[in-house]
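Listed below are the residues making up each chain.
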Amino acid sequence: MGKYLSVTWHGIRHERQSPAATIGRIGFYTLLIVIFFCLWGTIESEKGGAIGRDTILWYLIVTEWIMLSLPQIHLAFEEDYKHGDVYTHMLRPMSYIGMRLSYAIGVLSYRLAMTGVAGVIIGLLAAGAPTHGISALVGAFLMGSFAAVLLLIFQGVLGLSAFWLHDATPIYWVWQKGNFVLGGLMVPLFLYPEWMQSVALFTPFYACMYNSGRVVLEGVEVLGITMPLLGVWYVVAFTLLRRVSRNVERHLLEGQL
Amino acid sequence: MRTMKFLLALMALNIRQSMALRGAFLLKMIFMLLNDLLVFVVWIVIFRTTETIRGWTLDDVTLLWGILTASYGISVGLADGARTIGSAVRSGELDSFLTQPKNTLLYIIGSRTNPSAWGDILASIVFFSCTSHVTLRTIPLIIAAVVVAATVTTATVVLVFSLTFWLDALEDLGEQVRNYLITLSSYPADIFPWSVRVFLFTVFPAGFMGTIPANAVREGSLGLLLFAIAFTGAYSCIAYRVFCTGLKRYASGSRISVRAS
């Protein structure tokens, strides 16, 4: 376990060494929040306050925070496969996939922290304190952190598809956009048609993105529903990861890839 | 004339190269199409909450997205090499372009294509077929609008990545700026306050990638289109001048590389 933690710490340190990338990410995050601030402000003024811009803004701060913090682990697997680096990594006394995931979790942790601070500052300046108070915000960030790790695991599974498909990027595009739409990244799911909400309910995007934003919309009490659902998806993700990992490692050892 | 022949030959080569791996090509094309259509679903949901946003209807936003995806597809499909200017400067790969008796900038930007561009172009066809703004009368306006938007997109990428001639670190910024542009141009500029709109139509010309061309078609305004064309011409000249000025500063990296095309 200690070796995976040290890889995680290495990920954090490596990310800290790229302040320009961090500033760029926070800049992009700020830009997106400004766009949505203007968009929902315009809609609110035209609909006569039917949809609260300030409330939705906090929701969007949480969902965009998760989305923008996720490292592109699928690219790491894809590059390792294409360049043959995977065989070099397999010489290490640790699981190759475990190593990659540990590193990505380190990167994710740093990004969540930096972007989270920016999100809180932007939210307080633009919309004031959340309707359900700071406890809802803390709950949302806690939920969002677990959700981000879960999404990372799923993205890792997607990235491993590169070992068969040679290119995981196209699948990642659809996965990412599925997250946008069915996770309610830009529009809360309660504004969707009911049939779409029903479809979204059976995807991990609902449990990760929407449920994290829901905490700031509905209060910290909703954690009693959202956390167990996230737990169920964790079981699914780990089962999938284990199965795919075994196939990848067996094929690598047998030289079938 | 010779430059035009060269460009056409380069495009044909790039297209053949991207289609060489049929499976990968089809995968990228289809998934990019799905990618674009999925994102647009969000706009459909937004317009369930309101019929108009500052005078823009879902039909208008569909037109905007048609123009955006078509222009982005053309830019990435024919001029994706613009994104490599920064890395070519840093790694010394520019040498292989300089040794050829061709226009360096055109050669670089036409040196690469992205198969996903075909997915964007297919998506634009879907968007255009779903909007009522496409009529026999507006088709020439739409074609001109797409060309304007594609040119502004490419010119911006060239301008930003050319800054690497002065500062290496700006290569990473180039990708960020590109992402900002794409994001900003996918929203009607009318939703923003005037201070932001001025920025979007001057320093950061995202407005000329989406809103202005779309407005020219919505309003059937030849005047607005001519204004957009004039801006595009001036902006492209600026981008070209910046690249040429930077090229004068370029010192060879002594890297040995071979270009097959």
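Quick note: structure is the one above.
Residues numbered from 1 in each chain as written. Chains lettered and ligands numbered in written order. Predicted model: local features only at pLDDT ≥ 70, side-chain atom pairs only at ≥ 80, totals over all residues. Heavy atoms only, no water.

Draft legend 1. View of the overall build of chain B. Counting secondary structure elements, chain B contains 12 helices and zero strands. For chain B, the sequential pattern of α-helices and β-strands runs α-α-α-α-α-α-α-α-α-α-α-α. Computed over the C-alpha atoms, the radius of gyration of chain B is 19 Å, within 12% of the 18 Å expected from 2.2 N^0.38 for a compact globule of 261 residues. Taking the principal axes of its C-alpha atoms as reference, chain B extends roughly 60 × 45 × 35 Å. Here the contacts in chain B between residues at least 6 apart in sequence split such that 79% fall between residues at least 24 apart. (Helix = DSSP H or I, 4+ residues; strand = E, 2+ residues; numbered from the N terminus. Rg over C-alpha atoms; globule rule 2.2 N^0.38 Å. Contact = heavy atoms within 4.5 Å.)

Draft legend 2. Structural context of the packing of aromatic side chains. Residue and element names in this part refer to chain B. Scanning the model with the defined rule gives 27 aromatic pairs over all chains in all. Here the aromatic rings of Trp65 and Phe127 are separated by 6.0 Å at their centres, their planes lie at 65°, and the arrangement is edge-to-face. You can see Trp65 sitting in helix H3 (residues 58-79) and its partner Phe127 sitting in helix H7 (residues 116-130), a full 62 residues away along the chain. The same class applies to Trp65 as to Phe127, namely buried. Cluster of aromatic residues (ring-pair linked, three or more members): Phe201, Phe208, Phe227, Phe231 and Tyr235. The residue whose ring lies beneath Arg197 is Trp194, and the NZ or CZ to ring-centre distance is 4.3 Å. Residue placement shows Arg218 over the ring face of Trp56; its charged tip is 4.0 Å from the ring centre. (Phe/Tyr/Trp six-rings, centres within 6.5 Å; stacked < 30°, edge-to-face > 60°. Buried < 20%, exposed > 50% of the residue type's maximum accessible area, 1.4 Å probe, protein only. Lys NZ or Arg CZ within 6 Å of the ring centre and 35° of its normal.)

Draft legend 3. Up close: the layout of surface pockets. All names here are of chain B. Put simply, the second largest pocket is a space of about 520 Å³. Ala79, Leu106, Ile109, Thr151 and Thr154 are, among the 23 residues lining the second largest pocket, the residues nearest its centre. Elements represented by at least two residues in the lining of the second largest pocket include exactly helix H1 (2-20), H3, helix H6 (104-109), helix H8 (139-162) and helix H12 (222-249). At six residues, the largest contribution of residues to the lining of the second largest pocket is made by H8. Classifying every residue of the lining of the second largest pocket by side-chain character gives 17 nonpolar, six polar and no charged. (1 Å grid on protein atoms, 1.4 Å probe; cavity = no way out; pocket = protein on both sides within 12 Å on 5 of 7 lines; lining within 4 Å. Points joined across faces, edges and corners; volume = space filled by probe spheres on them. Nonpolar A, V, L, I, M, F, W, Y, C, P; charged D, E, K, R; others polar.)

Draft legend 4. Representation of the pattern of salt bridges within the structure. Under the criterion given, the structure shown has 11 salt bridges over all chains. Between Lys28(B) and Asp167(A) there is a salt bridge, and its shortest N-O distance comes to 3.4 Å. Residue Lys28(B) is found in helix H2 (residues 22-49), and its partner Asp167(A) is found in the loop between helix H8 (162-165) and helix H9 (169-182); the two belong to separate chains. Residue Asp167(A) is classed as buried on the basis of its relative accessible area, which comes to 9%. Across the pair Asp80(B) and Arg112(B) runs a salt bridge whose closest N-O atoms are separated by 3.2 Å. Pair noted here: Asp80(B) is in the loop between H3 and helix H4 (85-91) and Arg112(B) is in the loop between H6 and H7, with a separation of 32 residues, a long-range link. The exposure class of Asp80(B) is buried, given its relative accessible area of 3%. Within the structure, one salt-bridge network assembled from shared partners comprises Glu15(A), Arg25(A) and Arg111(A). (Salt bridge = Lys/Arg side-chain N within 4 Å of Asp/Glu carboxyl O.)

Draft legend 5. Looking closely at the side chain of Ser245(A). Note that Ser245(A) resides in helix H12 (residues 223-254). If we ignore the near neighbours within four places in the chain, the residues touching Ser245(A) are Ile97(A) and Leu160(A).

Draft legend 6. Region of interest: unusual backbone geometry. Its identity as a non-glycine residue notwithstanding, Arg54(B) has a phi of 50°, on the positive side. Judged by its relative accessible area of 39%, Arg54(B) falls in the partly exposed class.

Draft legend 7. Spotlight on the interface of chain A and chain B. With 32 residues of chain A at the contact, the number on the chain B side is 30 residues. With both chains or domains summed, chain A and chain B bury close to 2,900 Å², and 77% of this area falls on carbon and sulfur atoms. Scanning the region where chain A abuts chain B turns up one salt bridge. Our count for the contact surface shared by chain A and chain B stands at six residue pairs in polar contact (both at pLDDT 80 or more). The set of elements that each furnish at least two residues to the side of chain A that touches chain B consists of helix H2 (19-47) and H9 of chain A. (Buried area = accessible area lost by both parts, 1.4 Å probe. Polar contact = N/O pair within 3.5 Å; in protein donor to acceptor, adjacent residues only side chain to side chain.)

Draft legend 8. Molecular detail of H12(A). Residue and element names in this part refer to chain A. Compared with the 46 Å implied by 1.5 Å per residue over 32 residues, the 45 Å span of H12 between its first and last C-alpha is a close match. Restricting attention to buried positions, one finds in H12 the residues Leu223, Thr226, Leu230, Trp233, Tyr234, Ala237, Leu241, Val244, Ser245, Val248, His251 and Leu252. Buried positions along H12 lie against helix H5 (85-89), helix H6 (96-127), helix H7 (133-160), H8 and helix H11 (204-218). (Expected span 1.5 Å × (residues − 1).)

Draft legend 9. Focus on the packing of H9(A) against H11(A). All names here are of chain A. Two numbers describe how H9 lies on H11: the axes approach to 9 Å, and their chain directions differ by 60°. With respect to each other, H9 and H11 are oriented oblique. For the pair H9 and H11, the crossing hand works out as right-handed. Taken together, the residues of H11 that come into contact with H9 (itself represented by Trp175, Gly178, Asn179 and Leu182) are Pro204, Phe205, Tyr206 and Met209. Across the contact of H9 with H11, the residue classes tally to six nonpolar, two polar and no charged. (Axes fitted to C-alpha atoms, helices over the stretch in contact; angles between N-to-C directions. Parallel < 35°, antiparallel > 145°, perpendicular 65-115°, else oblique. Left-handed = near helix turned anticlockwise from the far one by under 90°.)

Function cannot be read off these values alone, since they describe shape.
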